Amino acid sequence: MQSPPPAVLTGGALLVALAVGLALPLYAQAMSGSAVRLLALPALLVLAILFLYDRLVLLALVLLLRAAGDLVFETTRVEIGGLAIGFGGLVNAFVILIAVLLVAARPERFPTRVAAPWAAFLIAALIGVGMAPNLGDAVRSYLGLLSYFAVFVSAFYFVRGEGDFKVCVKLVLLSSLLPAAYGLGELALHGLAGGLQAFRLKSTFSHPNIFAFYLTLVLLLSLYALKSPAIALTPLRRTLLTAYVPLLLGLLLLTQTRSAWVACFAIFALYTLLFERRYLVYLLLAPALALLVPGVRERVLDLGSGNEVVQYAKLNSFAWRLQIWEYGLRWIRPENLPLGYGLGAFKHFAPVFFPYSGGVNFGAHNIYVQILFELGALGLAAFAWLFARLFSMLRRMAVVDRLGAFVAIALLIEYLIISASDNVLAYLAFNWYVWIVLGAACAVALSRTAPVAAARPTQGGTT
C-alpha cells in the first residue's frame, strides 16, 4: 500500500487531537468510578496511533477483535446530553473515517459500479432519518448502515488479489476463537448446571441469534479454508480446523436459532450438490442427529403449537412474527408507501398498530417488512438493486475461484434467508464480517474482469 500524502496524515492527526481534546472534560466526569470505562481512553489513544500509522492494520485489528467487543462496549456506554455514547461508537467512527481517507488517497480504486446501489439505499435511509419519529435512534441506525458501507468499500483497498482474499478469510476465522472459548465457558457455567432445554447460548454477543448468524458465516468460511486448493494448510492446522467445525456446529445448535439452522443446512446442501455429492448421506443424517439434542427437538416441536391468535404468551415465535408483519403492513397508508414512515419507525409505532405488543417496542423481525415500512417501496427497491448487483458481480469470481464464488454467493443467500425472520440490519458486528467478505470477493472479481485497467500504472483499479 502506498504511503498516504503528508497532508492526509497531518489532517488525520489534527482531527484525532481535536476529538480527544473535546472529549476529555466529558470523559473525566462520565467515566469516573468504572475501571473498564477508564481503560477506554488509553484504548482510544492506541487506536488513534494505529490510525495514523496504518489504517488497514487498524481495520484488520478491529475486525479481529470485534466479535468479542459487545461485552466491553456495553459497559462503556454513558448518557451525555441525552445521547448514549460508548467506546463502540468511537470504533464505528474510526471505521467510517478509515474508509473516507482510503477513498480520498486512492479514488481510482473506489468501486463505482457496486457503490451506486449502495448510494441509492443510503440516500433512501437518509431521507428516512429526516422523517424519523425518533431522531436520535434514527441517526444511530444510519451511522450503523454507513459503517457497513465503509467496511465494504475498505475491502477494495485491503484486497488486491486472491492472496489478500485468503487473508480476509483467515482474519474472520481467527476472530471466532474468543467467542467460541467464551461460549464454552458460558455453557459450563450456566447451560450444564441448569439443563440445556431452556438454555440459549449467546457467547460474547448481545443475543443468541446474532451469535448463531455469526457462527454460520464462520462455518461457511471454514468450509472454504478446508476445501480450497488456494489455501495451503499445514497438517496440524488442517487437523485443528477439521476438529473446530464440529465444535462450531455444536455451539450453533445451542443458540437454538432456527433460521440460522435452516440457512446453514441450505448452504451445506448446496455445496454437497454442486461439489461433493458423496457427502449427501451425511447431510441427510444431520437433521435426525440434531433432533436427538433435547433443546433442538423442543424448538422444532414448538412450531406445531401456539399458532392460535390469542395473546403473545400463547403464540410461538413464528406465528407471532406472522402477526406483527401482517399488522405492520396493513397499517401502511397509500400515501406513505413510496417513502415510508422514517428510519426506526416500525419499532416506534409497534405499540400503536400491533395489539399483542403489550406496550413493547418490538422490531419487525423481517428486513423486507421493516424497509418497506420505514423507507417505503423506493427503499426496498434500492435494497433489492444492491443485492442483485452483488450477485451479478460475484458470479464473475467463478472465473478465478469457483469455490470462493460459491462461498460469497452462499453468504449472500444466507443473509437473505435470515433477513426474512430477524432484525439483521441492527446486528453491527455480524454485518461487518458479512460486508468485509462480500467486499473482498467483489474486489477479486473486479480485479480479474478488468485486465487492461490493472495493467496501466495510472489506473490503480477499476470502477
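Model, not experiment: these values are computed from the prediction.

Novice: I'd like a rundown of the overall build of the protein, residues and numbers included.
Specialist: On a plain count of helices and strands, the protein comes out with 21 helices and two strands. Out of the 463 residues belonging to the protein, those deemed buried represent 49%. A separation threshold of at least 6 residues defines the contact pool for the protein, and within that pool the share at least 24 residues apart is 73%. Accessible surface, the protein: about 21,200 Å² in total, of which carbon and sulfur atoms supply 69%.

Novice: Describe in detail empty space enclosed by the protein, supporting the description with residues and values.
Specialist: Gaps between atoms show up when a probe of the same size as a water molecule is rolled over them. Across all of its chains, the model carries two cavities of 30 Å³ or more by this definition. Of the voids in this model, the largest cavity is the one considered here, and its volume is about 40 Å³. Every residue along the wall of the largest cavity is listed here: W118, F121, L145, Y148, F383, L386, F387, Y415, L425 and W435. Of all the secondary structure elements, the ones that give two or more residues to the lining of the largest cavity are α7 (112–131), α8 (135–158) and α18 (367–395). For the lining of the largest cavity, the element with the highest residue contribution is α18, accounting for three residues. Looking at the lining of the largest cavity, its residues break down into ten nonpolar, no polar and no charged. Of the voids in this model, the second largest cavity is the one considered here, and its volume is about 30 Å³. Around the second largest cavity, the lining residues are L56, L59, A60, L63, F158, C168, L171 and I436. Of all elements in the fold, only α4 (55–65) and α9 (162–175) reach the threshold of two or more residues within the lining of the second largest cavity. The greatest single-element share of the lining of the second largest cavity, amounting to four residues, is contributed by α4. Residue composition of the lining of the second largest cavity, grouped by class: eight nonpolar, no polar and no charged.

Novice: Can you tell me about the packing of helix α13 (residues 258–274) against helix α19 (residues 402–418), naming the residues and giving the values?
Specialist: One can describe the packing of α13 onto α19 by two numbers: an axis separation of 10 Å at closest approach and a directional angle of 150°. By the angle between their directions, the pair α13 and α19 is classed as roughly antiparallel. For the crossing formed where α13 meets α19, the hand is right-handed. Taking contact as the criterion, the partners of S259, A263, A266, I267, L270, Y271 and L274 in α13 are, on α19, R402, L403, F406, A410, I413, E414, I417 and I418.

Novice: Provide a residue-level description of the environment of A212, including the pertinent values.
Specialist: Within the secondary structure, A212 is located in helix α11 (residues 208–227). For the pair A212 and R258, spaced 46 residues apart in sequence, the C-alpha to C-alpha distance is 9.1 Å. Those residues in contact with A212, other than ones at most four positions away along the chain, are L252, T255, T257 and A260.

Novice: Go over the packing of aromatic side chains, please, and point to the residues and values.
Specialist: Scanning all chains against the criterion turns up 35 aromatic pairs. Aromatic pair Y214 and Y433: ring centres 5.4 Å apart, planes at 55°, arrangement tilted. Linking Y214 in helix α11 with Y433 in helix α20 (residues 428–448), this pair joins segments that are 219 residues apart in sequence. Each member of the pair Y214 and Y433 is classed as buried. Sitting above the plane of the W432 ring, R66 keeps its charged end 5.7 Å from the centroid. Just above the ring of Y327 sits the side chain of R330; from NZ or CZ to the centre is 5.1 Å.

Novice: Quick one: what's the story with the pattern of salt bridges, residue by residue and with numbers?
Specialist: Counted by the stated rule, this structure contains seven salt bridges. R106 serves as the salt-bridge partner of E108, at 2.4 Å between the closest nitrogen and oxygen. Residues joined in a network through salt bridges with shared partners are K227, E276 and R278.

Novice: Can you tell me about the nonpolar core, naming the residues and giving the values?
Specialist: Membership of the largest hydrophobic core comes to 120 residues, with the highest contact counts inside it found for W118, F121, F152, F165, F430, W432 and W435. Per element, the largest residue contribution to this core is 17 residues, and it comes from α20. If we ignore the near neighbours within four places in the chain, the residues touching F152 are V114, W118, L390, W435, L438, G439 and C442. Within the second largest apolar cluster, 16 residues are counted, among which are I332, A345, F362 and V369.

Novice: Could you give an account of a nonpolar patch on the surface, with specific residues and numbers?
Specialist: There is a patch of nonpolar side chains on the surface, built from L270, L273, L274, L280, L284 and I413 and spanning about 510 Å² of accessible area. Of all the elements in the fold, those that place two or more residues in the nonpolar patch are α13 and α14 (280–290). Considering each element in turn, the nonpolar patch owes the most residues, three residues, to α13. With respect to the helices and strands, L284 occurs in helix α14.

Novice: Which residues make up the packing of α7 against α8, and what values go with them?
Specialist: To characterise two packed helices, one gives the angle between the axes of the helices and the distance between these axes. As a packed pair, α7 and α8 sit with axes 10 Å apart at the nearest point and diverge in direction by 170°. When the interaxial angle is binned, α7 and α8 end up roughly antiparallel. Contact residues: V114, A115, W118, F121, L122, A125, L126 and V129 in α7; L135, A138, V139, Y142, L145, L146, Y148, F149, F152 and F156 in α8. Across the contact of α7 with α8, the residue classes break down as 18 nonpolar, no polar and no charged.

Novice: I'd love a proper account of unusual backbone geometry, names of residues and values included.
Specialist: Despite not being glycine, Q256 has its phi angle at roughly 55°, a positive value. Counting through the fold element by element, Q256 comes out in the loop between α12 (235–255) and α13. The buried category is assigned to Q256, whose relative accessible area is 5%. Although it is not a glycine, H365 adopts a positive phi angle of roughly 55°. Mapping H365 onto the fold places it in the loop between α17 (345–353) and α18.

Scoring rules and cut-offs
- Residues numbered from 1 in each chain as written.
- Predicted model: local features only at pLDDT ≥ 70, side-chain atom pairs only at ≥ 80, totals over all residues.
- Heavy atoms only, no water.
- Helix = DSSP H or I, 4+ residues; strand = E, 2+ residues; numbered from the N terminus.
- Buried < 20%, exposed > 50% of the residue type's maximum accessible area, 1.4 Å probe, protein only.
- Contact = heavy atoms within 4.5 Å.
- Areas by Shrake-Rupley, 256 points an atom, 1.4 Å probe, with all protein chains shown as cover.
- 1 Å grid on protein atoms, 1.4 Å probe; cavity = no way out; pocket = protein on both sides within 12 Å on 5 of 7 lines; lining within 4 Å.
- Points joined across faces, edges and corners; volume = space filled by probe spheres on them.
- Nonpolar A, V, L, I, M, F, W, Y, C, P; charged D, E, K, R; others polar.
- Axes fitted to C-alpha atoms, helices over the stretch in contact; angles between N-to-C directions.
- Parallel < 35°, antiparallel > 145°, perpendicular 65-115°, else oblique.
- Left-handed = near helix turned anticlockwise from the far one by under 90°.
- Phe/Tyr/Trp six-rings, centres within 6.5 Å; stacked < 30°, edge-to-face > 60°.
- Lys NZ or Arg CZ within 6 Å of the ring centre and 35° of its normal.
- Salt bridge = Lys/Arg side-chain N within 4 Å of Asp/Glu carboxyl O.
- Core = buried A, V, L, I, M, F, W, Y, C linked by side-chain atoms within 4.5 Å.
- Patch = residues over 30% accessible without salt bridge, like charges linked within 9 Å, V, L, I, M, F, W, Y side chains within 5 Å.

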